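If you want the building blocks of each chain, they are given just below.
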Amino acid sequence: MLVSVESSGTLERRMRVQVPAADIDSKVAERLKSVGRNERLEGFRPGKVPAKVIHKRYGPQVRQEVISEVVQSSYAEALQKEQLVPAGNPNIEPEQLKDGEDFSYTAVFEVFPEIALKDLDKISIEVPDVQIGSEDVDKMLDSLRDQRGTWVAVERASQAGDQVVVDFDGKLDGEVIENGQGTNVPVVLGEGQMLPDFDTALHAVSAGDEKTFDVSYPADYPAEDLAGKTAQFDAKITAVNARELPEIDEEFIKAFGVEDGDINTLRTEVEKNMASELATKLNADLKQQVLDQLIELNPIEVPGALVDQEAYSLQQDAMKRMNVTDEADAPPRDNFLPGATRRVQVGLLMQEFLRSEEISLDKDRVEGKMRELFAGYDDSEGLLGNYLNDPKFLQQIEPMVLEDQAIEALRAKGTESSKKVAFKEYMDAR
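Residues numbered from 1 in each chain as written. Predicted model: local features only at pLDDT ≥ 70, side-chain atom pairs only at ≥ 80, totals over all residues. Heavy atoms only, no water.

Peer 1: Would you explain the overall build of the protein in this entry?
Peer 2: Along its length, the protein carries 12 helices and 11 strands. Expected size for 430 residues packed as a compact globule is a radius of gyration near 22 Å; at 35 Å, the protein overshoots this value by more than 25%. Taken over 430 residues, the protein has a buried fraction of 33%. Long-range pairs, those at least 24 residues apart, make up 68% of the contacts in the protein with a sequence separation of at least 6. Carbon and sulfur atoms provide 46% of the accessible area of the protein, an area that totals close to 26800 Å². Across the protein, the 49 positively charged side chains and the 84 negatively charged ones have centroids separated by 10 Å. (Helix = DSSP H or I, 4+ residues; strand = E, 2+ residues; numbered from the N terminus. Rg over C-alpha atoms; globule rule 2.2 N^0.38 Å. Buried < 20%, exposed > 50% of the residue type's maximum accessible area, 1.4 Å probe, protein only. Contact = heavy atoms within 4.5 Å. Areas by Shrake-Rupley, 256 points an atom, 1.4 Å probe, with all protein chains shown as cover. Lys, Arg positive; Asp, Glu negative; His and termini not counted. Charge placed at Lys NZ, Arg CZ, Asp CG, Glu CD.)

Quick look at the structure:
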């Protein structure tokens, strides 16, 4: 078998494999002989069918089967011989096969990039210093009150934060706007539910008022027939409602699972939840910083086959979230290519980092991670015992733990600085 390899791109390889005709012919002859021993044809005794008849009847089919098998076996052998590791399935380009001539084909595939990590000491992380103060807990309690608030009609002019219930009819140059009408539509002023001009027009109005006003549509408005234009709206105010918040009394406190109804117990529980959410966001942000800089300091070209696989996986996940089952209704695959490319880059770089630093999975941390997950459940120890021996569950947890270990090791190689940030500002930031 003769093998030659050409680089047709940074990662693409064209590997030509030539298999001697004698190898093909001997395999075909052996297969046909086996067929002849077992074939039953009318007019011939079992096992006595002439070779010429067997060859004429089954020769083309057997030869095709043999060639398919030879391609699979020789491809694997050629890869091993050339010490190549493909990043995806090959595209096989067979050459025309003639009797008596060697069989040749070209396998086109991508290989993994060669990675030599560098400049890891240049990773610079800014660690937010976020403290949860009593005023932050107060604001969270106000938020809980707001969640359980009710709308109550008021006999005054509307103001920011009120709910205005309105009937409206929109027209553009005297023509009715499609979907530009509404009846008893509740609009909370200042929350961006409506276009700015519409929201502004509903300030300082009272129940029973009628008014006409202009609304300018932005140039990038999704409906092209309205983008950049100004429409006229007739509106009738049917109600103005103000938000009425509940008192933080024993009933309110117990509604959040605090059985003793004590405000201090509620504050403690609220602060715990805030701290948990803060820790989750901090970990995600620090990980993002590390990976962003890892990619920036070590740019690599990634195999298109891996990106396509990842984009398909992301698309399938999106379809599940959207409850879409028909591929025709799926979001375009191209939408997922940037995210897929990044995930492949991160995967390859992290794999090389784990290899070069000889970082292995810390089993104790796996158990610790699982304890965190089961902490809020009854019989958490029983669950832990069951899932510690569940291979499928461990396949989900172990990569997460190994990634955490790698992120910590990368942070240790770089430098870190601290920046004070208010809790609400940090939690509200994207």
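Continuing now.
Peer 1: Quick question: what am I supposed to make of the packing of aromatic side chains here?
Peer 2: Centre distance and the angle of the planes are the two values used to describe a pair of aromatic rings. Evaluation of the coordinates by the stated rule reveals 13 aromatic pairs. Both rings, one in Phe-198 and one in Phe-213, keep their centres 5.3 Å apart while their planes meet at 90 degrees; by these two values the pair is edge-to-face. Of this pair, Phe-198 sits in helix α4 (residues 196-201) while Phe-213 sits in strand β9 (residues 210-216); the two residues are 15 residues apart in sequence, bridging distant segments of the chain. Here Phe-198 and Phe-213 have matching classes, each one buried. An aromatic cluster is built from Phe-168, Phe-198, Phe-213 and Phe-233, whose rings are joined through pairwise contacts. Looking at Arg-148, its charged tip hangs above the ring of Phe-256, at a distance of 4.6 Å from the centre. (Phe/Tyr/Trp six-rings, centres within 6.5 Å; stacked < 30°, edge-to-face > 60°. Lys NZ or Arg CZ within 6 Å of the ring centre and 35° of its normal.)

Peer 1: Even after reading the chapter, I still don't get the pattern of salt bridges, so can you show me in this structure?
Peer 2: Pairing between side chains of opposite charge can happen when the charged atoms of each approach one another. The full count for this structure, using the stated rule, is 23 salt bridges. Between Glu-381 and Arg-371 there is a salt bridge, and its shortest N-O distance comes to 2.5 Å. Here the residue Glu-381 occupies a position in helix α10 (residues 380-387), and Arg-371 occupies one in helix α9 (residues 363-374), the gap between them amounting to 10 residues. Connected through salt bridges with shared partners, the residues Glu-367, Arg-371 and Glu-381 form a single ionic network. (Salt bridge = Lys/Arg side-chain N within 4 Å of Asp/Glu carboxyl O.)

Peer 1: What is the right way to look at the nonpolar core in this model?
Peer 2: Nonpolar side chains tend toward joint burial in soluble globular proteins. By size, the foremost hydrophobic cluster in this structure holds 30 residues, and its most contacted members are Leu-294, Met-350 and Leu-410. Examining the composition of this core, we find that 8 residues originate from one element, helix α8 (residues 337-356), more than from any other. Residues in contact with Leu-410, not counting those within four places in the same chain, are Leu-120, Ile-123, Val-290, Leu-294, Met-350 and Phe-353. Among the nonpolar cores identified, the runner-up in size contains 22 residues, and Tyr-58, Val-71, Leu-84 and Val-111 belong to it. (Core = buried A, V, L, I, M, F, W, Y, C linked by side-chain atoms within 4.5 Å.)

Peer 1: Help me understand the environment of Met-140 in this model?
Peer 2: Relative to the helices and strands, Met-140 is located in helix α3 (residues 134-147). As for Met-140 and Arg-343, which are separated by 203 residues in sequence, their C-alpha atoms are 35 Å apart.

Peer 1: Can you walk me through the side chain of Asn-298 in this structure?
Peer 2: Summarising the element assignment, Asn-298 is placed in the loop between α6 (263-297) and α7 (304-321). Judged by its relative accessible area of 4%, Asn-298 falls in the buried class. Apart from the residues lying within four places of it in its own chain, the contact partners of Asn-298 are Ala-116, Leu-117, Lys-118, Leu-120 and Leu-349.

Peer 1: What's the story with the packing of α9 against α10 in this structure? I'm lost.
Peer 2: What describes two packed helices is the angle between their axes and the distance between those same axes. The N-to-C vectors of α9 and α10 enclose an angle of 135 degrees; their axes lie 10 Å apart at closest approach. The angle between α9 and α10 places the two elements in the oblique class. Of the two possible hands of crossing, α9 and α10 adopt the one that is right-handed. Here Glu-367, Met-370, Arg-371 and Phe-374 of α9 come into contact with α10, specifically with Ser-380, Glu-381, Leu-383, Leu-384 and Tyr-387. (Axes fitted to C-alpha atoms, helices over the stretch in contact; angles between N-to-C directions. Parallel < 35°, antiparallel > 145°, perpendicular 65-115°, else oblique. Left-handed = near helix turned anticlockwise from the far one by under 90°.)

Peer 1: What exactly am I supposed to notice about the side chain of Asp-162 here?
Peer 2: Mapped onto the elements of the fold, Asp-162 is located in the loop between β6 (150-153) and β7 (163-172). Reaching out from Asp-162, the side chain makes a polar contact with the backbone nitrogen of Gln-159 at a distance of 2.9 Å. Not counting residues up to four positions away in its chain, the partners in contact with Asp-162 are Trp-151, Arg-156, Ala-157, Val-187, Val-188, Leu-189, Val-240, Asn-241 and Ala-242. (Polar contact = N/O pair within 3.5 Å; in protein donor to acceptor, adjacent residues only side chain to side chain.)

Peer 1: Explain the environment of Ala-328 here, please?
Peer 2: Looking at where Ala-328 falls in the secondary structure, it is placed in the loop between α7 and α8. The exposure class assigned to Ala-328 is exposed, which follows from its relative accessible area of 67%. Along the backbone, Ala-328 and Leu-141 are 187 residues apart, and their C-alpha atoms lie at a distance of 46 Å.

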